Amino acid sequence: MPEDDFYTPTDIDALRMENELLAFEVRFLKAQLAELGGPADPRAEEDLVLLLRRLSNSPLGPFLRLRHSYRTLEQRYLDTDD
Amino acid sequence: MTEISARPDVDRRPVIYAGRFVDRVVAADLPESCIVLGEQDSPPHVLADALDRANTLVILDLPSFPLDVMTGDHWDVPMLVVLPSGFDTESLSTTVGPRLLERLGFFDRFVVPDPALWKELRWGYCWAESQRVPVLSNDLNEVTAKLRTLLEAGSESPAVPVPDHGRYRRNNLRYNKALHRVQAAALAPRLAVPPEKRNVEAPLDVLEVGVGVGRWASSFDPSETRFVGIDASEDLIKTARTNFPGHRFDLLDPDLHLPYEDESFDLVFGVTIMHHHPVPAKRTLLSEMWRVARPGGQLLLLEDFVLTRRSEKPAIYPMSVKEFVNLALEATAGRVVLEHVESLRYPDEDLRRGGLVSLLRLGVPKT
C-alpha cells in the first residue's frame, strides 16, 4: 500500500483488471451467441453425412461433383481429397 | 489573425470564428491566447488546423461559418455559438438543425438574447438552462464583452458543472466532452424508448440514481418518458431543477434508501456512481434500484472497472466487473438476468476501462 493508505493501481493491476473486464465480456458474448444459435444437434450432422454419402454413390454423384459447392460439402463432411 | 502554433496537441487555445466581424473582434481586446479567424483568412485547412488544437470554439458569425470543415474529433471541442438574430426556431432548425444544433449537447453553450426563442430551442433540442449565456442583445460589443469575461475567467471554465471525480479531468472540457461522447454512444441504444412502449398515455418511467446536474436528463423526451433524477448533493439537485424544469429531481437521503414505491420504474440507471461507495453501500444501492424497478424493467450501470490512476478524490472503491455482477446477483437474490455487457475505451487511452452492465429484473408485475 502507498504511504497514505489509499489504493493506487500499478500498471500491472490495471492490465489485470482490463483483462478481467474483457474476459467477462467475451464470456457473456459467447453465451449470448450460443443462445441465439440454439444448441447444436449432433444428429443433424449425422443425417447430412448419410444424405451426402447416398447422393455421392448414386448415378447423380459425378454430375453433382461438377459443382464446386458440392465438392466443398464432400470435403467437409466425407473427408474426400478433391 | 493570430498565428497558429505549429505544435499539435500542445498549447490548446480558444478559437474564435469572427467571420465578417473580424476587424471589430480583433479590436475588442480579447485575451492574447485567442486565435481569431475571419471569413477571408480561414480557408478550410487553416480552420481545420486551428480546430485540431482548440480548447473552445466560439462561432460569432454562424451564417458564414463553413460547417463542413468540422470532422471527426473537432466535434469534441466545446462550442459557444452565437445564434444570429432574425431567425426563428423553424428557420434555424431548417438551416443548421441537422448539421449543427442536433450535434450539440451538454458541453456547449449558446448566446440567444430572445428568451422565447431560447425556450423553444431548449425544449426542442433538450438543452439545459445553464447552457445559455445571458445577454440582452446580439450587439457585437455586448457579446464580445461577455466573451472576454468568460475567457478571462478561465478559457475552459465549464458551461455546466461536471462531476469532479474519477475519469473527469478538471479544467479540460474538450476531454470531458469526448468522454461524454463515448459514454453517450454506448448508452443511447439502452436509453432509447422501445417502439412498443412509445405510448404517450403511459410514458416510460425512468430513474437516474446519482443524477448530478442532469447531464443524462437531456437524453429523455418528456413527451415519451417520465424522468426522475435523484442525488445526495442538494446543490447539484438545485442546478438540475433549473437545468431541466420539465423533469423531476429529488434529494437522496444519506442512508441511500430510494423514496419511491416498489416497482415504480421501467428503467433505473446510474453512471459512475458505484465507485463512490464501499461494498455494503453498493449492496444497498443495488438492492434499492432493483426494488423500485418493475419486473421486466432494466437496471443499467455504467462504471469504471479498471482504475489506472489515483483519483483526486480519495474515497474510491474499485471493484472488478465479475465481483460487481456477483454483488448484483446477491443484492437482488438472483432475480435478475444479465442482458448486456460492454467494455468502453475512452479517448486517448490504451486500456478499456469503462463497463456497461444491463440487468433485467425477473418476476411477475403486481396487478
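Since the structure is predicted, the reported quantities are computational estimates derived from the model, not experimental observations. (Residues numbered from 1 in each chain as written. Chains lettered and ligands numbered in written order. Predicted model: local features only at pLDDT ≥ 70, side-chain atom pairs only at ≥ 80, totals over all residues.)

Asker: Just give me the short version of the overall build of chain A, but keep the residues and values in it.
Answerer: A tally of helices and strands in chain A yields four helices and zero strands. The N-to-C order of helical and strand elements in chain A reads α-α-α-α. In chain A, which comprises 82 residues, the proportion classed as buried is 5%. (Helix = DSSP H or I, 4+ residues; strand = E, 2+ residues; numbered from the N terminus. Buried ≥ 20, exposed ≤ 12 C-beta atoms within 10 Å, placed from the backbone.)

Asker: Requested: an account of the overall build of chain B, with residues and values cited.
Answerer: Check the secondary structure of chain B and you find nine helices and 13 strands. Going through the 367 residues of chain B one by one, you find that 39% of them count as buried. The contacts in chain B between residues at least 6 apart in sequence include a share of 65% that link residues at least 24 apart. (Contact = placed C-beta atoms within 7 Å.)

Asker: Account for the confidence of the model for chain A, with residues named and values stated.
Answerer: On average, residues of chain A score 78 in pLDDT, and 80% of them reach the 70 mark or higher. Model confidence for chain A, summarised as mean pLDDT per element, is weakest for helix α2 (residues 42-57) of chain A at 80 and strongest for helix α3 (residues 61-64) of chain A at 86. (pLDDT = per-residue confidence, 0-100.)

Asker: Provide a residue-level description of the domain arrangement of chain B, including the pertinent values.
Answerer: Residue and element names in this part refer to chain B. Partitioning chain B into structural domains gives domain 1 (13-152) and domain 2 (173-361). For domain 1 and domain 2, the distance between their C-alpha centres works out to 32 Å. With 13 residues of domain 1 at the contact, the number on the domain 2 side is 15 residues. Class assignment of the residues belonging to the side of domain 1 that touches domain 2 gives a composition of seven nonpolar, three polar and three charged. (Domains from an automatic or database assignment. Nonpolar A, V, L, I, M, F, W, Y, C, P; charged D, E, K, R; others polar.)

Asker: Describe in detail the environment of H275(B), supporting the description with residues and values.
Answerer: All names here are of chain B. Inspection of the secondary structure assignment puts H275 in the loop between β10 (265-271) and α8 (279-292). Overall, the presence of 21 C-beta atoms within 10 Å leaves H275 in the buried class. When the C-alpha positions of H275 and E303 are compared, they lie 7.5 Å apart, and in sequence the two are 28 residues distant.

Asker: Explain the packing of α8(B) against helix α9 (residues 321-331) of chain B residue by residue, including any values.
Answerer: All names here are of chain B. Interhelical geometry of α8 versus α9 gives an angle of 55° and a closest axis separation of 9 Å. The angle between α8 and α9 places the two elements in the oblique class. α9 is crossed by α8, and the crossing has right-handed handedness. When α8 is examined against α9, the residues V279, K282, R283, L286, S287 and W290 are found in contact with a partner set consisting of L327, A328 and A331. Residue composition of the contact of α8 with α9, by class: six nonpolar, one polar and two charged. (Axes fitted to C-alpha atoms, helices over the stretch in contact; angles between N-to-C directions. Parallel < 35°, antiparallel > 145°, perpendicular 65-115°, else oblique. Left-handed = near helix turned anticlockwise from the far one by under 90°.)

Asker: If you had to explain the sheet that holds strand β6 (residues 132-133) of chain B to someone new, which residues and values would you point to?
Answerer: Residues and elements named next belong to chain B. The six strands lie next to each other as β2-β1-β3-β4-β5-β6, forming an open sheet whose pairing is parallel. On the outer flanks of this sheet lie β2 (35-38) and β6, each paired with one strand and no other. Summarising the sheet, strand β4 (residues 79-82) and strand β5 (residues 109-111) pair through three bridges and their orientation is parallel. Across the sheet, V82 pairs through a bridge with V111, a residue of β5. (Pairing = 2+ DSSP bridges.)

Asker: Any chance you could break down the sheet that holds strand β12 (residues 336-345) of chain B for me, citing the residues and the numbers?
Answerer: Residues and elements named next belong to chain B. Sheet architecture is open: seven strands sit in the order β9-β8-β7-β10-β11-β13-β12, paired in mixed fashion. Looking at strand neighbours, the two that pair on one side only are β9 (248-251) and β12, the edges of this open sheet. In this sheet, adjacent strand axes meet at a mean angle of 15° when their direction is disregarded. Summarising the sheet, strand β8 (residues 225-231) and β9 pair through four bridges and their orientation is parallel. Its bridge partner lying in β9, D231 is registered against L251. In this fold α8 packs onto β7 (204-209), β10, β11 (293-304), β12 and β13 (352-361), with an angle of close to 145° to the strand it touches most, β11.

Asker: Lay out the confidence of the model for chain B in plain terms, naming residues and giving numbers.
Answerer: Residue and element names in this part refer to chain B. Across chain B, pLDDT averages 86, with 87% of residues at or above 70. Overall, residues 1-10 carries pLDDT values under 50, and its contacts beyond four positions in sequence, including any with other chains, amount to 15 contacts. Below a pLDDT of 50 lies the segment residues 155-166, which in the model reaches 37 contacts outside its immediate sequence neighbourhood of four places, other chains included. Across the interfaces of the predicted complex, the ipTM metric reaches 0.75, alongside a pTM of 0.79.

Asker: Account for the pairing of β12(B), naming residues and giving values.
Answerer: Each regular strand shows side chains that alternate between the opposite faces of the sheet. All names here are of chain B. When β12 meets β13, the two strands line up antiparallel, connected through nine bridges. Within β13, the residue paired with V336 across the bridge is R361. Hairpin geometry of β12 and β13 is characterised by an intervening segment of six residues between the two adjacent antiparallel strands and by a positive phi of about 60° at D348.

Asker: Quick one: what's the story with unusual backbone geometry, residue by residue and with numbers?
Answerer: Residue and element names in this part refer to chain B. In this structure, D29 is a non-glycine residue whose phi angle is positive, near 60°. Counting through the fold element by element, D29 comes out in the loop between α1 (22-26) and β2. Positive phi values are uncommon outside glycine, yet L256 reaches one of about 65°. Tracing the chain through its elements places L256 in the loop between β9 and β10. Under the C-beta neighbour-count criterion, L256 is labelled partly exposed, with 17 such atoms within 10 Å.

Asker: Which residues make up the environment of G61(A), and what values go with them?
Answerer: Positionally, G61(A) belongs in helix α3. Judged by local crowding, G61(A) falls into the partly exposed class, with 15 C-beta atoms found within 10 Å.

Asker: Kindly report on the nonpolar core, identifying the contributing residues and their values.
Answerer: Formed by 92 residues in total, the largest nonpolar core has its most connected members in I16(B), Y17(B), L60(B) and V268(B). Apart from residues no more than four positions distant in its own chain, V268(B) is found in contact with L207(B), V209(B), M289(B), V292(B), A293(B), G297(B) and L299(B). (Core = buried A, V, L, I, M, F, W, Y, C linked by C-beta atoms within 7 Å.)

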